[in-house]
Amino acid sequence: MPASWVFATNNLHKLEEVKQAAGNQIIIQSLAEIGCTEDLPETGETLQDNARQKAEFVFQRFGVACFADDSGLEVEALGGEPGVHSAHYAGPQRSSVDNIHLLLARMEGKKNRKARFRCVIALVEKDEVQLFEGMLPGEIIQTPRGTGGFGYDPVFVPEGETRTLAEMSLEEKNRISHRAKAMRKLIGHLLSRQPSKQSL
Ligand code: IMP
């Protein structure tokens, strides 16, 4: 029976992505499965702070080993914006369409379209917190394309690609995404502590 960890997120797209990346090596439980229906605190000034805050909240309330991610889009020409504010860039209503609209407006006339997605995962067990990071470099296009994924996917074309993340399948995105990269580091770490499970 593989060991299990709670993924402290309310985003079902992310949960699905992470479950797929984890395969059958590790059981990933959702917040719903442990009966956590509260909004997770997310008031930090950095991706690290937020990931840690969410994972510690669940660990303290429910006493389960868990991890949380925080991710964001960092655009070079905007000095790293929207960054930690990616989810509510256009205001507290958190609409992806509004966020994309504002991003494209702020990038109007900018020649440098370079951007990256960055993901930080905080793993909290007992009194210990560990961080894992993944990045996906690419660029912001002028007009949204595609219907898959979420957030800024329709305007982000990964380096070496011609399609946006929203034009890729979940499997394709999972192979290259910032979250998948951070997840692979996390899973490698968890498995390295359970030598008997590595050969399964
Ligand atoms: P959080 O990690 O849930 O706080 O994510 C912050 C925001 O970053 C999300 O609401 C999205 O707007 C954006 N974001 C994070 N990961 C992705 C992704 O894989 N694709 C598109 N947008 C993303």
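Use the structure listed above.
Note that the structure is predicted; figures quoted are calculated from it, not measured.

Asker: Sorry if this is basic, but what is going on with the overall build of the protein here?
Answerer: Of regular secondary structure, the protein possesses six helices and six strands. Along its sequence from the N terminus, the protein presents helices and strands in the succession β-α-β-α-β-α-β-β-β-α-α-α. Since a compact globule built from 200 residues should have a radius of gyration of about 16 Å, the 17 Å found for the protein is in line with a globular shape. By principal-axis analysis of the C-alpha atoms, the protein measures approximately 55 × 35 × 25 Å.

Asker: What am I meant to see in the pairing of strand β3 (residues 66-75) here?
Answerer: Two faces make up the sheet, and in a regular strand the side chains alternate between them. β3 sits mainly inside the fold: 10 of its 10 residues count as buried. Here β3 shows two buried faces, one formed by Cys66, Ala68, Asp70, Gly72 and Glu74 and the other by Phe67, Asp69, Ser71, Leu73 and Val75. The pairing of strand β1 (residues 4-7) with β3 spans two bridges and is parallel. Its bridge partner lying in β3, Phe7 is registered against Phe67.

Asker: Sorry if this is basic, but what is going on with the pairing of strand β5 (residues 128-140) here?
Answerer: Inspection of the sheet shows strand β4 (residues 114-125) paired to β5 by 12 bridges, in the antiparallel sense. Bridging from a neighbouring strand, Phe117 pairs with Leu136 of β5. Note: β5 against strand β6 (residues 156-158), three bridges, orientation antiparallel. Within the sheet, the bridge partner assigned to Ile140 lies in β6 and is Phe156.

Asker: Just checking my understanding: could you explain the packing of helix α1 (residues 12-22) against helix α5 (residues 178-192) for this structure?
Answerer: If you want to describe how two helices pack, look at the angle between their axes and the distance between the axes. One way to put it is that α1 packs onto α5 with a least axis distance of 10 Å and a crossing angle of 45°. For the element pair α1 / α5, the angle class is oblique. Our pair here, α1 against α5, has a crossing hand that is right-handed. Along the contact surface, α1 presents Lys14, Glu17, Val18, Ala21 and Ala22, while α5 presents Arg179, Met183 and Ile187. In terms of residue class, the contact of α1 with α5 is made up of five nonpolar, no polar and three charged.

Asker: Is there a simple way to explain the site of the ligand in this structure?
Answerer: Neighbouring residues of the ligand: 15 residues in total, closest Lys14, Asp70, Ser71, Asp153 and Lys173. Take Glu42: an N or O atom from its side chain is 3.0 Å from an oxygen atom of the ligand. One of the side-chain nitrogen or oxygen atoms of Arg179 is found 2.9 Å away from an oxygen atom of the ligand. Here the ligand loses 90% of its free accessible area of 480 Å² to cover by the protein chains. Elements with a minimum of two residues in the shell around the ligand: β3 and α5. By residue number, the principal contributor to the shell around the ligand is β3, which donates three residues. Among the residues forming the shell around the ligand, the class breakdown is four nonpolar, five polar and six charged.

Asker: Sorry if this is basic, but what is going on with unusual backbone geometry here?
Answerer: Among all residues save glycine, negative phi is the norm, and among peptide bonds the norm is trans. That bond from Glu81 to Pro82 is cis: its omega, -5°, falls within 30 degrees of zero. Inspection of the secondary structure puts Pro82 in the loop between β3 and α3 (96-106).

Thresholds applied
Residues numbered from 1 in each chain as written. Predicted model: local features only at pLDDT ≥ 70, side-chain atom pairs only at ≥ 80, totals over all residues. Heavy atoms only, no water. Helix = DSSP H or I, 4+ residues; strand = E, 2+ residues; numbered from the N terminus. Rg over C-alpha atoms; globule rule 2.2 N^0.38 Å. Buried < 20%, exposed > 50% of the residue type's maximum accessible area, 1.4 Å probe, protein only. Pairing = 2+ DSSP bridges. Axes fitted to C-alpha atoms, helices over the stretch in contact; angles between N-to-C directions. Parallel < 35°, antiparallel > 145°, perpendicular 65-115°, else oblique. Left-handed = near helix turned anticlockwise from the far one by under 90°. Contact = heavy atoms within 4.5 Å. Nonpolar A, V, L, I, M, F, W, Y, C, P; charged D, E, K, R; others polar. Near = heavy atom within 4 Å. Polar contact = N/O pair within 3.5 Å; in protein donor to acceptor, adjacent residues only side chain to side chain. Areas by Shrake-Rupley, 256 points an atom, 1.4 Å probe, with all protein chains shown as cover.

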